[in-house]
Amino acid sequence: MRQIQVPKPYLPRRRFLQLSGISSLGLILGGCGVSLFDDVVQKATEPLNESVETLLFNPQKPVPEFPASAIEPDALLVNTFDFTPDLDPAKFRLTVDGEVNRPMSLSLAEVERMPLTSMTIRHVCVEGWAAIVQWGGVRLRDIVALAQPKVNVRYVYFKSADGYYESWDLASALHPQTLLAYQKNGQPLPIENGAPLRLASPIKLGYKQSKWITQITLLSQKPPSLGYWEDRGYEWFAGL
Ligand SMILES: Nc1nc2c(c(=O)[nH]1)N[C@H]1C(S)=C(S)[C@@H](COP(=O)(O)O)O[C@H]1N2
Ligand SMILES: [Mo]
């Protein structure tokens with residue numbers, strides 16, 4: 001039924017695991033003995049909902065990345081609509097809920113135990129500036145797969161500690177370069193840039209990339225309030 005259209009002999013195992021959300025889920029689960037994940041191991045063999053599964057097995061084409069030498073350390077301007085929340089990393093929990101079979105509350109340690117992806121991409125703000133930045137973090141698709149979305153999930157809603165909110169289409173959220181980042185330019189993510197966890201993705205404008213994310217909710221319908229800037233007239237899809 002599902003086919004991965006890549007000639008296997010030419011595909012190193014690591015690359016194959018990157019292409020396959022389910023295998024990397026197996027890696028996550030196999031790689032840690034945390035009790036939280038223990039009974040997910042059994043459930044992981046159950047089929048995921050079809051749309052999520054299709055997106056995980058047919059990931060969108062990756063956007064070409066920049067070499068590390070292209071990073072512009074001073075070009076990323078802090079852009080915060082109100083205040084900078086100071087979250088205690090030791091007490092921090094990331095809630096993953098909504099239309100999922102397995103709602104989760106993850107500590108930072110649990111998030112950081114998942115496979116780390118690093119990418120150097122261009123951040124583009126609608127206000128007319130851009131910056132090449134290296135982000136390190138967990139693929140959002142891995143978190144979503146762990147939560148086991150129900151059949152009709154189409155949207156992802158993000159709540160931030162400063163009152164910011166955003167919603168994304170599922171395909172963009174499951175893009176292999178959409179990260180929940182906790183590193184910037186090889187260092188721990190600074191608080192003003194969204195620590196402990198923020199979105200980073202080369203396929204969306206800056207305002208889609210929520211900082212200080214505390215809650216990820218999977219939805220079958222668009223939420224009534226689409227996003228902080230969308231509610232002020234900006235476009236919802238905001239693709240690059
Ligand atoms: N929680 C939250 N996330 C946010 C914002 C914000 O004000 N609050 N601003 C957005 C905008 S408009 C941009 S361009 C980027 C800026 O990220 P930076 O401050 O790390 O450069 O964050 C986005 N994410
Ligand atoms: Mo922005």
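For the structure itself, consult the block above.
This text gives an overview of the structure that appears in the document. (Residues numbered from 1 in each chain as written. Chains lettered and ligands numbered in written order. Predicted model: local features only at pLDDT ≥ 70, side-chain atom pairs only at ≥ 80, totals over all residues. Heavy atoms only, no water.)

**Thoughts on the overall build of the protein**
In step 1: Scanning the protein from terminus to terminus reveals 8 helices and 10 strands.
In step 2: Put simply, the protein has 240 residues, and 50% of those count as buried.
In step 3: Contacts in the protein between residues far apart in sequence, at least 24 positions, make up 72% of those at least 6 positions apart.
In step 4: Accessible surface for the protein amounts to roughly 11,500 Å². Of this, 53% is attributable to carbon and sulfur atoms. (Helix = DSSP H or I, 4+ residues; strand = E, 2+ residues; numbered from the N terminus. Buried < 20%, exposed > 50% of the residue type's maximum accessible area, 1.4 Å probe, protein only. Contact = heavy atoms within 4.5 Å. Areas by Shrake-Rupley, 256 points an atom, 1.4 Å probe, with all protein chains shown as cover.)

**Brief notes about the pairing of strand 7 (residues 179-184)**
In step 1: With 5 of its 6 residues buried, strand 7 lies for the most part within the structure.
In step 2: Pairing analysis gives 5 bridges linking strand 4 (residues 129-139) to strand 7, with the strands arranged antiparallel. Residue Trp135 lies in a different strand from strand 7, and its bridge partner there is Lys184.
In step 3: The pairing of strand 7 with strand 8 (residues 187-188) spans 2 bridges and is antiparallel. Note that in strand 8 the partner of Gln183 across the bridge is Pro188.
In step 4: Connecting strand 7 to the antiparallel partner strand 8 that follows it, the hairpin turn spans 2 residues, and Asn185 within it adopts a positive phi of roughly 50°. (Pairing = 2+ DSSP bridges.)

**Things to note about the site of ligand 1**
In step 1: Taken together, 20 residues lie around ligand 1, and Leu77, Phe81, Asp162, Arg198 and Lys211 are the ones closest in.
In step 2: Phe81 places a main-chain nitrogen or oxygen 2.8 Å from an oxygen atom of ligand 1.
In step 3: One nitrogen or oxygen atom from the side chain of Asp162 is found 2.8 Å from a nitrogen atom belonging to ligand 1.
In step 4: When ligand 1 is considered free in solution it has 530 Å² of accessible area, and contact with the protein chains removes 99% of it.
In step 5: Taken together, the residues that form the shell around ligand 1 break down as 9 nonpolar, 8 polar and 3 charged. (Near = heavy atom within 4 Å. Polar contact = N/O pair within 3.5 Å; in protein donor to acceptor, adjacent residues only side chain to side chain. Nonpolar A, V, L, I, M, F, W, Y, C, P; charged D, E, K, R; others polar.)

**Some remarks on the pattern of salt bridges**
In step 1: The full count for this structure, using the stated rule, is 4 salt bridges.
In step 2: The salt bridge partner of Asp88 is Lys91, with a shortest N-O separation of 3.9 Å.
In step 3: Note on Asp88: relative accessible area 36%, which makes it partly exposed.
In step 4: Between Asp169 and Lys204 there is a salt bridge, with the nearest N and O atoms lying 3.0 Å from each other. Of the two residues, Asp169 sits in strand 6 (residues 165-169) while Lys204 sits in the loop between strand 9 (198-200) and strand 10 (213-219), which places them 35 residues apart along the sequence. As far as burial versus exposure is concerned, Asp169 and Lys204 are alike and both buried. (Salt bridge = Lys/Arg side-chain N within 4 Å of Asp/Glu carboxyl O.)

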